[in-house]
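As a plain string of letters, each chain reads:
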Amino acid sequence: SQYQVGVMLFEGLGTEQNSKRGIELMMKLADTADPATKHLRPNAQFHVGKAFYEGYGVWPNSEKAAEYWELAAGGGNVEAMNMLGFFYTRPDSLDVKQAFHWHRLAARGGSAESLSVLGVFLAEGQGSSRNLGQAFRCLESAANQGSAYAKGQLVYAYYKSKFYRKTKETAAEMLRYETKEEVKEEATKLKFRTHLACSGVSLALFLLARCLSHGIAVAEGDFQGLTPELLYSRAIYFDKDMGAELHKLVTHGKI
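The present account deals with the structure reproduced in this document. Since we're looking at a predicted model, the values are computed, not measured.

Further remarks concern the overall build of the protein. The helix and strand inventory of the protein stands at 14 helices and 0 strands. When its helices and strands are written in sequence order, the protein yields α-α-α-α-α-α-α-α-α-α-α-α-α-α. Taken over the C-alpha atoms alone, the protein extends approximately 70 × 40 × 30 Å along its principal axes. Within the protein, the proportion of its 255 residues that are buried is 46%. Relative to all contacts within the protein whose residues are 6 or more apart in sequence, the contacts with residues 24 or more apart total 51%. As displayed, the protein offers around 13,200 Å² of accessible surface, 51% of which is attributable to carbon and sulfur atoms.

Moving on: the side chain of Arg-210. Here Arg-210 lies in helix α12 (residues 194–214). Buried charge without a partner: Arg-210 forms no salt bridge, and the closest opposite charge is Glu-229, 11 Å away. Once you skip the residues sitting within four places of it in the chain, Arg-210 turns out to touch Tyr-159, Ile-216, Tyr-232, Val-250 and Ile-255.

Turning our attention to the pattern of salt bridges. Between side chains of opposite charge, a pair can form when the charged atoms approach closely. Taken as a whole, this structure holds 10 salt bridges when the rule is applied. Note that Glu-24 is salt-bridged to Arg-21, the shortest N-O span being 3.3 Å. In this pair, Glu-24 and Arg-21 are both assigned in helix α2 (residues 19–31), 3 residues apart and thus about one turn of the helix distant. With a relative accessible area of 35%, Glu-24 lands in the partly exposed category. Overall, Arg-21 belongs to the partly exposed group, its relative accessible area being 36%. Residue Lys-168 pairs with Asp-222 through a salt bridge whose shortest N-O separation is 3.3 Å. With Lys-168 in helix α10 (residues 164–172) and Asp-222 in the loop between α12 and α13 (228–238), this residue pair connects regions lying 54 residues apart in the sequence.

Their axes nearest at 9 Å, the elements α10 and α12 cross at an angle of 130°. The angle between α10 and α12 places the two elements in the oblique class. As for how α10 packs across α12, the hand of that crossing is left-handed. Between α10 and α12, the residues in contact are Thr-167, Lys-168, Ala-171 and Ala-172 and Ala-204, Leu-208 and Cys-211, respectively.

Calculation criteria
- Residues numbered from 1 in each chain as written.
- Predicted model: local features only at pLDDT ≥ 70, side-chain atom pairs only at ≥ 80, totals over all residues.
- Heavy atoms only, no water.
- Helix = DSSP H or I, 4+ residues; strand = E, 2+ residues; numbered from the N terminus.
- Buried < 20%, exposed > 50% of the residue type's maximum accessible area, 1.4 Å probe, protein only.
- Contact = heavy atoms within 4.5 Å.
- Areas by Shrake-Rupley, 256 points an atom, 1.4 Å probe, with all protein chains shown as cover.
- Lys, Arg positive; Asp, Glu negative; His and termini not counted.
- Salt bridge = Lys/Arg side-chain N within 4 Å of Asp/Glu carboxyl O.
- Axes fitted to C-alpha atoms, helices over the stretch in contact; angles between N-to-C directions.
- Parallel < 35°, antiparallel > 145°, perpendicular 65-115°, else oblique.
- Left-handed = near helix turned anticlockwise from the far one by under 90°.

Structural data, given as structure tokens:
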């Protein structure tokens, strides 16, 4: 079909990549009103939006990207809902209520990544009223689906709520990661953003270091061979920006 050929050309699947020609084909499908291709239209609209956002085969245009994603989302495309959720958290298109709206719809459609972001919004009261109970449920569900980002944010929510045993136990699960490559590979397989996954591991290890350094919920013999200094170093290794931000929060007495 025209859609399959468009995707193959756009992605270079089984043929020489030709993003421009691939997008031309998908745009024809995305913009048609033909009832026979109605079931393919949302997927085509999603890819066209992605092309405009990333500048593949067309000039970059974030507004056009959002327009096509909204069309795709209206047709039930969950990936488009997820992209819109992140689109509205960018500094130049920031709209927290819109971000919450789209992540909520994507989460309902089965996106564990959007579910994790929704949990953060609910925990912080962004885009909606604060609801810790719902936040915990969202983050726990997303973490159970393999989201390292959700697990890290869950550790943070536990820590802020003074659920220190849960903080320690959940953070300790992140010790299984040895390298950033491991985290990124796992996130890619699960279709999660790799930088968010690394930030989740960093956050969890940093707070585990806090527990160790202050003797919070830590029994004698726990984590033998680990020191707070080592864990702080690991947190920075996985995400130096997250490590720096957490250090700033500690300095200002926020955590």
